[in-house]
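# Summary of structural features
Okay, here's what each chain looks like letter by letter:
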Amino acid sequence: MTRANRPIYLDNHATTPADPRVLAAMRPWWEENFANPGSVEHEMGRAAEAAVAEARAHVAELIGAEPSEILFTSGATEANNLAIKGAARFAAAQGTERRRVITLATEHKCVLESVKDLKAEGFEPVILPVRADGLLDLTVLEAALAEAPTLLVSVMAVNNEIGVVQDLEAIGALVKHHGALFHTDAAQAAGRIPLDVAEIRADLLSLSGHKVYGPKGIGALYVRRRPRVRLAPLFSGGGQERGLRSGTLPAPLVVGFGEACRIAALEGPLDTGRIAGQRDRFRSALEAAVPGLVVNGSTEARVAGNLSVSFPGGVTAQDIMAAAPEVCVSTGSACSSAEVEPSYVLQALDLPPAQARATLRIGVGRFTSPLDVDRAAAALAAAWRRAMESSDSNGASGDTPRTSAAE
Ligand SMILES: *Cc1c(COP(=O)(O)O)cnc(C)c1O
């Protein structure tokens with residue numbers, strides 16, 4: 001493949017490429033020292049343990065936590081399962097009266113399904129709606145908290161489809177006022193917006209390595225120590241990670257994740273400015289070429305790299321993607337985009353199904369160049385025109401998308 005037609009990657013919500021500095025940091029822990037960081041009886045094991053400790057400190061630093069509050073997991077999916085089910089099972093064993101577990105309709109599936117699974121264990125899952133701009137209405141949360149004793153509230157920091165940033169400080173204050181635990185899935189937020197567990201009063205916070213230019217297959221759960229948050233582990237085993245997550249720590253992945261967090265803490269704010277510029281450049285070019293294009297979700301409370309755009313004229317996102325194969329974007333979250341159903345996140349914003357089906361998620365990242373966004377905007381606009389022509393010849397109707405409330 002020549003340089004001119006190499007794929008343009010604008011799917012940084014699904015995953016980010018590993019930063020070359022991350023790859024370099026990981027390499028010695030695959031090659032020179034492959035020891036188990038639990039093998040503290042010998043020198044190689046102790047060196048691996050020290051590397052893990054340094055990485056843990058970098059992860060903690062990114063969110064204003066103590067290293068001892070970080071548990072490594074296989075990713076944010078596991079961290080979310082451990083936070084939600086672990087907290088509920090521990091509290092149930094203590095005979096808690098608090099049975100309500102609250103989350104949002106727009107959460108990642110691993111949060112939604114973890115909360116719903118707790119019904120079978122005697123809990124009361126409550127799935128709150130969001131406003132048309134994707135943000136949680138605090139009075140809706142307040143009412144849900146006032147209605148019944150609540151054990152835990154899980155609200156994501158940044159949405160993985162529409163990029164909206166929830167007001168975690170206000171949500172955390174409300175949740176703590178009602179004596180519940182506050183968990184946030186921060187997989188899309190880390191390195192993109194400032195995160196401080198004290199400010200947002202999080203008890204539990206989930207992270208993913210491969211969303212912060214780190215390796216895949218590693219993540220972390222922050223578990224507050226003061227006051228101490230107690231969890232029941234999901235796995236039985238050797239008792240690693242303070243007994244909360246048994247299994248040999250993958251030292252190379254841990255080191256890579258730590259390096260990714262170190263870079264994110266240093267360069268995140270710089271990345272954000274550049275990425276926002278790139279995203280706005282893409283948006284202007286696409287809006288100029290596609291009259292009637294709609295941006296979904298709040299434009300103010302939005303993470304820098306994200307755009308969720310609905311195309312007019314009765315075309316589908318699949319038609320556009322098929323006509324612009326060199327552009328790597330998606331119709332929704334990576335886990336569910338194989339489904340023909342329109343995204344449940346867009347449905348939660350009350351988008352008409354036809355508009356949801358004409359929606360693309362664009363994710364600009366650290367390694368996106370101005371040339372990438374120019375080429376992608378031109379390719380998607382041309383693809384839209386072609387899709388319009390073929391749907392016109394099929395006699396499809398040209399309905400215009402509804403404008404999002406935030407616009
Ligand atoms: C990617 C993602 C996850 C899942 O993370 P993994 O590390 O891939 O398990 C969870 N929540 C959100 C918001 C995500 O974007």
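Residues numbered from 1 in each chain as written. Predicted model: local features only at pLDDT ≥ 70, side-chain atom pairs only at ≥ 80, totals over all residues. Heavy atoms only, no water.

## Quick notes on the site of the ligand
This is how the line gets drawn: Here a residue is considered near a molecule or strand provided that any single heavy atom belonging to it is located within 4 Å of it. Whenever a nitrogen or oxygen atom comes within 3.5 Å of another N or O atom, the pair is scored as a polar contact, on the condition that within protein one atom can donate a hydrogen and the other can accept it, and that pairs from neighbouring residues in sequence are kept only if both atoms are in side chains. Methods summary: accessible areas were calculated by the Shrake-Rupley approach with a probe of 1.4 Å, and residue burial reflects only the protein chains presented. As a working rule, the residues Ala, Val, Leu, Ile, Met, Phe, Trp, Tyr, Cys and Pro are called nonpolar, Asp, Glu, Lys and Arg charged, and the rest polar, with Gly in that last group.
Among the 13 residues in the neighbourhood of the ligand, the closest are listed as T77, D185, Q188, S208 and K211. With respect to the ligand, the side chain of K211 contributes an N or O atom lying 2.6 Å from an oxygen atom. Here the ligand, which alone exposes 380 Å², has 88% of that area covered by the protein. Its residues assigned to classes, the shell around the ligand shows 4 nonpolar, 7 polar and 2 charged.

## Points about the packing of aromatic side chains
For clarity, the threshold we go by: Aromatic rings from Phe, Tyr and Trp, with only the six-membered ring used for Trp, were paired whenever their centres fell within 6.5 Å, and each pair was classed as stacked if the ring planes differed by under 30 degrees, edge-to-face if by over 60, and tilted otherwise. Every helix listed is a DSSP run of H or I at least four residues long, and every strand listed is a run of E at least two residues long, numbered separately from the N terminus. Burial classification: accessible surface area is computed with a 1.4 Å probe over protein chains only, and a residue below 20% of its type maximum counts as buried, one above 50% as exposed, and the rest as partly exposed. Should the NZ of a Lys or the CZ of an Arg lie within 6 Å of a ring centre and within 35 degrees of the ring normal, that charge is described as sitting over the ring.
On inspection of all chains with the given rule, the structure shows 2 aromatic pairs. Judged by centre distance (6.2 Å) and plane angle (70 degrees), the ring pair of F72 and F257 falls under edge-to-face. Residue F72 is located in strand β2 (residues 70–73), and its partner F257 is located in helix α8 (residues 251–289); the two are separated by 185 residues in the primary sequence. With respect to burial, F72 and F257 carry one shared label: buried. Taken together, a centroid distance of 5.7 Å and an interplanar angle of 80 degrees make the contact between Y213 and F367 edge-to-face. Linking Y213 in the loop between β7 (204–208) and β8 (219–223) with F367 in the loop between β12 (359–363) and α12 (370–393), this pair joins segments that are 154 residues apart in sequence. The cationic tip of R99 hangs over the ring face of F123; the distance from NZ or CZ to the ring centre is 4.7 Å.

## Let's talk about the domain arrangement of the chain
To be explicit about the condition: Where each domain begins and ends is defined by an automated method or by a domain database. Throughout, buried area stands for the accessible area (probe radius 1.4 Å) lost by two parts on being put together, summed over both. Any carboxyl oxygen of Asp or Glu that lies within 4 Å of a side-chain nitrogen of Lys or Arg is treated as forming a salt bridge with it.
Split by domain assignment, the chain resolves into domain 1 (3–16 + 268–393) and domain 2 (20–264). Both faces combined, the contact of domain 1 with domain 2 buries some 2500 Å², and carbon together with sulfur accounts for 55% of it. Per-residue buried area on domain 1 facing domain 2 is highest for T16, Y344 and R366; these three make up 25% of the total on that side. At the junction of domain 1 and domain 2, the tally comes to 0 salt bridges.

## Quick notes on the sheet that holds strand β10 (residues 306–310)
What counts, and what does not: Strand pairing follows a simple DSSP-based rule, namely that at least 2 bridges must link the two strands. Contacts: residue pairs with any heavy atoms within 4.5 Å of one another. Here, axes are lines fitted to C-alpha atoms. For helices the fit covers the stretch in contact, and angles between N-to-C directions go from 0 to 180 degrees.
The strand order β9-β10-β12 describes an open sheet built from 3 strands, whose pairing is antiparallel. The open sheet has two edge strands, β9 (294–295) and β12, and neither has a second partner. Pairing between β10 and β12: 5 bridges, direction antiparallel. Residue pairing in the sheet places S310 in a bridge with T359 of β12. Contacting β9, β10 and β12, α8 runs over the sheet at an angle of about 15 degrees to β10.

## Topic: the packing of helix α1 (residues 20–30) against α8
Helices that pack against each other are described as a pair by the angle of their axes relative to one another and the distance between those axes. Convention followed: Angle categories are assigned with fixed cut-offs, so that under 35 degrees is roughly parallel, over 145 is roughly antiparallel, 65 to 115 is roughly perpendicular, and the rest are oblique. Note on convention: the crossing is left-handed when the near helix lies turned anticlockwise from the far helix by less than a right angle, right-handed when the turn is clockwise.
Two elements in contact, α1 and α8, have axes whose closest approach is 8 Å; the angle formed by their N-to-C orientations is 155 degrees. Considering their axes alone, α1 and α8 lie roughly antiparallel with respect to each other. Regarding α1 and α8, the two cross each other, and that crossing is right-handed. Between α1 and α8, the residues in contact are R21, V22, A25, M26, W29 and W30 and P252, L253, V255, G256, E259, A260, I263 and E267, respectively. In terms of residue class, the contact of α1 with α8 is made up of 10 nonpolar, 1 polar and 3 charged.

## Focus on the pairing of strand β3 (residues 100–104)
In plain terms, the rule: The path from the first strand over the helix to the second decides the hand: if it runs clockwise while the strands point away from the viewer, the crossover is right-handed.
Counted residue by residue, β3 has 5 buried out of 5 residues, so it is predominantly covered. Pairing of β3 with strand β4 (residues 124–128) involves 5 bridges; the strand directions are parallel. Bridge assignment links V101 to a residue of β4, and that residue is P125. A crossover links β3 with its parallel partner β4, the connecting element being helix α4 (residues 109–117), and its sense is right-handed.

## Looking at the pattern of salt bridges
Under the defined criterion, the tally for this structure stands at 22 salt bridges. Where D19 meets R21, a salt bridge forms, and the shortest distance between an N and an O atom there is 3.0 Å. Under the relative-accessibility criterion, D19 is labelled buried at 1%. A salt bridge links D271 to R274; its shortest N-O distance comes to 3.1 Å. Here D271 pairs with R274, and both are found in helix α8, just 3 residues apart, close to one helical turn.

## Points about the nonpolar core
We apply this condition: As used here, the term nonpolar core means buried Ala, Val, Leu, Ile, Met, Phe, Trp, Tyr and Cys residues forming a set that is joined through side-chain atoms within 4.5 Å.
Ranked by size, the top nonpolar core spans 64 residues in total, and within it I63, I70, F72, L141, L207 and F257 carry the most contacts. The greatest single-element share of this core, amounting to 8 residues, is contributed by α8. Non-local contacts of I70, meaning those with residues more than four positions away in its chain, are made with R56, V59, A60, I63, A65, A220, L221, Y222 and E241.

## Some words on empty space enclosed by the protein
Counted only if it meets this: Both site types are read off a 1 Å grid over the protein atoms alone. A 1.4 Å probe that fits but cannot get out defines a cavity, while an open set with protein on both sides within 12 Å along at least five of seven lines defines a pocket; lining residues have an atom within 4 Å of a point. Grid points are joined across faces, edges and corners, and a volume is the space filled by probe spheres set on the points.
Tallied over the entire structure, the rule returns 2 cavities of 30 Å³ or more. Taken as a whole, the largest cavity spans an internal volume of roughly 170 Å³. If you trace the largest cavity, you find 17 residues lining it, with G191, R192, Y213, D271 and I275 closest to the centre. In terms of residues, the lining of the largest cavity owes the most to one element, α8, which gives 4 residues. Here the lining of the largest cavity is composed, by residue class, of 7 nonpolar, 7 polar and 3 charged. Both of domain 1 (3–16 + 268–393) and domain 2 (20–264) provide at least three residues apiece to the lining of the largest cavity.

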